[in-house]
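Listed below, chain by chain, are the residues.
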Amino acid sequence: MPPLQRLRTCSRPLSTLFTTGCRSVVANTTQPSCSSSHPFSRAIIHHHLFSSKSAQTPVTNNYSTIKQQVHSLFQSVTLFLPRVVAFCGTIHVTTEYGFNTVSCEGPSMEPTIIDGSFTCVLIDKFSHRIFGLENNNDDDEHDSHDCSPTECCSDEQEFSNNDDNTTWLSLLKGVWEQHFASGLQRGDVIILHHPSKEATICKRIIGMPGDTIIRTDGGSRESNHRVKVSPGHLWIEGDNTLQSHDSRAYGDVPASLIIGKVVCRLWPLRDYASLGLDANGMEHWQRVRGRIGRGERPLPLKRNDGFEGSHVLKERNC
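The following paragraphs examine the structure supplied in this document. (Residues numbered from 1 in each chain as written. Predicted model: local features only at pLDDT ≥ 70, side-chain atom pairs only at ≥ 80, totals over all residues. Heavy atoms only, no water.)

**So, the overall build of the chain**
Stage number 1. Within the chain, the secondary structure is distributed over seven helices and twelve strands.
Stage number 2. The burial tally for the chain puts 32% of its 318 residues in the buried class.
Stage number 3. Pairs at least 24 apart in sequence give 66% of the contacts found in the chain among residues at least 6 apart.
Stage number 4. As displayed, the chain has an accessible area near 20300 Å², and 57% of this comes from carbon and sulfur atoms. (Helix = DSSP H or I, 4+ residues; strand = E, 2+ residues; numbered from the N terminus. Buried < 20%, exposed > 50% of the residue type's maximum accessible area, 1.4 Å probe, protein only. Contact = heavy atoms within 4.5 Å. Areas by Shrake-Rupley, 256 points an atom, 1.4 Å probe, with all protein chains shown as cover.)

Structure (structure tokens):
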């Protein structure tokens, strides 16, 4: 139809067209009527319906979206929170009653632990709680005597040489016997609280409860330089006897101060630690064993260093 003829067809008054459109809107609120005779009425119906939907739809959609997000967040929290609690509980129980790491500094345990090498050791915190204090009486089968420092050093040299020939089987066996099948014994390297200040120290057990300690660095002349370890106490000293502040200064310590037994060295990873430069500018290195097991003191770093450590008096079996 030509535009002019279409314009003549729609020449009815505007009020009549508006009234007809409104009646069609009221009669067809849910669905527009496609049988309306005039295109203007269909335009009014289309505008009314779509404008009402566009005004109501955003509110409904936003509410449902927020509700779904809150519901999904609640589900995520209920699934994630128990796992976090279980993980934190496992870490706490492991570090408090199982194994933990400790950083050691200072020259008192050289050459077992080199000062300045940022040594980090692994300790077990359960064996001494399960098995307690044990006197290793197997050594008492030998004839007892007051060994001199040179004799002690010769024994330690033999121990150190035998340690080089250890195998994985003997290494695992030693770890099992020391940390999973026995308590505290002489020769164990332990981490404990300092008896007189807020600090932790690393020392070696020299005497068990009831042992008689011979002090080679002096002591009381009235007791012939001998000290008897009290029940429930330990006599501890450092491997570097010349630079160690230990039981020779503050006496035997209660076993309740013990934190754990040293298992092995975790850091540094290399087998040798630097001892620094000498007067000629030459750097010296010392071998550092990864396994810190039960045994006698190792030899001092320098052969001409003196020995002031104490040892246990063993009675001769008649």
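**Details of the pattern of salt bridges**
Stage number 1. Under the counting rule described, the total for this entry stands at five salt bridges.
Stage number 2. Residue Arg186 pairs with Asp211 through a salt bridge whose shortest N-O separation is 2.7 Å. Of this pair, Arg186 sits in the loop between α6 (168-179) and β3 (189-193) while Asp211 sits in the loop between β4 (200-207) and β5 (212-214), placing them 25 residues apart in sequence. For the pair formed by Arg186 and Asp211, the shared burial category is buried.
Stage number 3. A salt bridge links Arg294 to Asp188, with the shortest nitrogen-to-oxygen separation between them at 2.6 Å. In this pair, Arg294 is assigned in the loop between β11 (283-287) and β12 (311-313) and Asp188 in the loop between α6 and β3, connecting sequence segments 106 residues apart. (Salt bridge = Lys/Arg side-chain N within 4 Å of Asp/Glu carboxyl O.)

**Quick word on the packing of aromatic side chains**
Stage number 1. One pass over the structure, following the stated rule, counts four aromatic pairs.
Stage number 2. Note on Phe99 and Phe126: the rings are 5.3 Å apart at their centroids and 80° apart in plane angle, and the pair reads as edge-to-face. Of the two residues, Phe99 sits in strand β1 (residues 99-104) while Phe126 sits in the loop between β2 (119-124) and α4 (127-131), which places them 27 residues apart along the sequence.
Stage number 3. The partly exposed category is assigned to Phe99, whose relative accessible area is 33%.
Stage number 4. Measuring from ring centre to ring centre gives 5.5 Å for Phe126 and Phe180, while their planes differ by 45°; the resulting arrangement is tilted. Pair noted here: Phe126 is in the loop between β2 and α4 and Phe180 is in the loop between α6 and β3, with a separation of 54 residues, a long-range link. (Phe/Tyr/Trp six-rings, centres within 6.5 Å; stacked < 30°, edge-to-face > 60°.)

**So, the sheet that holds β5**
Stage number 1. Spatial strand order, β6-β5-β12: three strands in an open sheet with antiparallel pairing. Edge positions in the sheet fall to β6 (226-228) and β12, since each has one partner strand and no second. Averaged over neighbouring strand pairs, the angle between their axes works out to 40° when direction is ignored. (Pairing = 2+ DSSP bridges. Axes fitted to C-alpha atoms, helices over the stretch in contact; angles between N-to-C directions.)

**Structural notes on the pairing of β4**
Stage number 1. Summarising burial for β4: seven of the eight residues are buried, a large majority.
Stage number 2. Strand direction decides the pairing type here: β3 and β4, joined by five bridges, are antiparallel. Residue pairing for β4: Ile191 is matched across the bridge by Cys202.
Stage number 3. Taking the residues between adjacent antiparallel strands as the criterion, β3 and β4 are bridged by six residues.
Stage number 4. Both β4 and strand β7 (residues 233-237) contribute to a ladder of three bridges, which runs antiparallel. When the sheet's bridge partners are listed, Arg204 is paired in β7 with Glu237.

**Some thoughts on the side chain of Lys125**
Stage number 1. Relative to the elements of secondary structure, Lys125 occurs in the loop between β2 and α4.
Stage number 2. At 4.4 Å, Glu96 is the nearest oppositely charged side chain to Lys125, a buried residue that forms no salt bridge.
Stage number 3. One polar contact links the side chain of Lys125 to the main-chain carbonyl oxygen of Thr95, over a distance of 3.1 Å.
Stage number 4. Not counting residues within four places of it along the chain, the set of residues in contact with Lys125 comprises Thr95, Glu96, Tyr97, Gly98, Asn100, Ile259 and Gly260. (Lys, Arg positive; Asp, Glu negative; His and termini not counted. Polar contact = N/O pair within 3.5 Å; in protein donor to acceptor, adjacent residues only side chain to side chain.)

**Re the nonpolar core**
Stage number 1. By size, the foremost hydrophobic cluster in this structure holds twelve residues: Val102, Cys104, Met109, Ile113, Val121, Ile123, Val189, Ile191, Cys202, Ile259, Val262 and Ile292.
Stage number 2. Counting residues per element, the ones that place at least two in this core are β1, β2, β3 and β9 (258-267).
Stage number 3. Among residues more than four places away in sequence, those in contact with Ile292 are Thr112, Ile113, Val121, Val189, Val262, Val263, Cys264 and Arg265.
Stage number 4. Counting residues in hydrophobic clusters, the runner-up holds eleven residues, among them Ile205, Met208, Leu234 and Val253. (Core = buried A, V, L, I, M, F, W, Y, C linked by side-chain atoms within 4.5 Å.)

**With respect to the environment of Glu237**
Stage number 1. Locating Glu237 in the fold gives a position in strand β7.
Stage number 2. Spatially, the C-alpha atoms of Glu237 and Ala249 are 9.8 Å apart, while their sequence positions differ by twelve residues.
Stage number 3. Other than its neighbours up to four places away in sequence, Glu237 contacts Lys203, Arg204, Ile206, Ser244, Asp246, Arg248, Arg297, Gly309 and Ser310.
Stage number 4. Polar side-chain contacts of Glu237 include one of 2.8 Å to the side chain of Trp235.
Stage number 5. Side chain to side chain, Glu237 and Arg297 meet in a polar contact 2.4 Å long.

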